[in-house]
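# Residue-level structural notes
The primary structure of each chain is shown beneath.
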Amino acid sequence: MSKISVKLGCDGTHSVIQGHDPVVSGLSLDDAENYATFMRASARVRRTRKLPDTLRSRGACMGRPGPLV
């Protein structure tokens with residue numbers, strides 16, 4: 001996951017940046033921080049939803065001992 005940050009624009013508004021690419025611009029500071037927080041949370045949910053598939057492919061959920069992590 002690339003870094004998500006809030007940057008100040010030259011016109012006094014704020015932008016949300018993911019990696020090196022702007023995602024949204026023209027927001028107030030509060031709106032930009034809320035948007036960035038939402039993006040981080042949704043990325044965390046996507047990673048968490050992928051976790052059971054990863055465990056299942058390793059055999060940990062099928063009654064077989066998996067690697068201790």
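First, a word on scope: everything that follows refers to the structure included in this document.

Rules used throughout
- Residues numbered from 1 in each chain as written.
- Predicted model: local features only at pLDDT ≥ 70, side-chain atom pairs only at ≥ 80, totals over all residues.
- Heavy atoms only, no water.
- Helix = DSSP H or I, 4+ residues; strand = E, 2+ residues; numbered from the N terminus.
- Contact = heavy atoms within 4.5 Å.
- Core = buried A, V, L, I, M, F, W, Y, C linked by side-chain atoms within 4.5 Å.
- Buried < 20%, exposed > 50% of the residue type's maximum accessible area, 1.4 Å probe, protein only.
- Pairing = 2+ DSSP bridges.

Turning our attention to the side chain of Ser5. Position of Ser5 among the secondary structure elements: in strand E1 (residues 4-8). The contact partners of Ser5, leaving out residues within four places of it in the chain, are Ser15, Val16, Ile17 and Arg40.

Let us now look at the nonpolar core. Within the largest apolar cluster, 6 residues are counted, these being Ile4, Val16, Leu27, Ala32, Ala36 and Met39. With 3 residues, the top contributor of residues to this core is helix H1 (residues 29-58). The contacts of Val16, once residues within four sequence positions are left out, are Ile4, Ser5, Asp21, Pro22, Val23, Val24, Leu27, Ala32, Tyr35, Ala36 and Met39.

With 5 bridges connecting them, E1 and strand E2 (residues 14-18) associate as antiparallel partners. From the neighbouring strand, Leu8 faces E2, where its bridge partner is His14. Between E1 and E2, which pair antiparallel in sequence order, lie 5 residues; one of them, Gly12, sits at a positive phi of approximately 90°.

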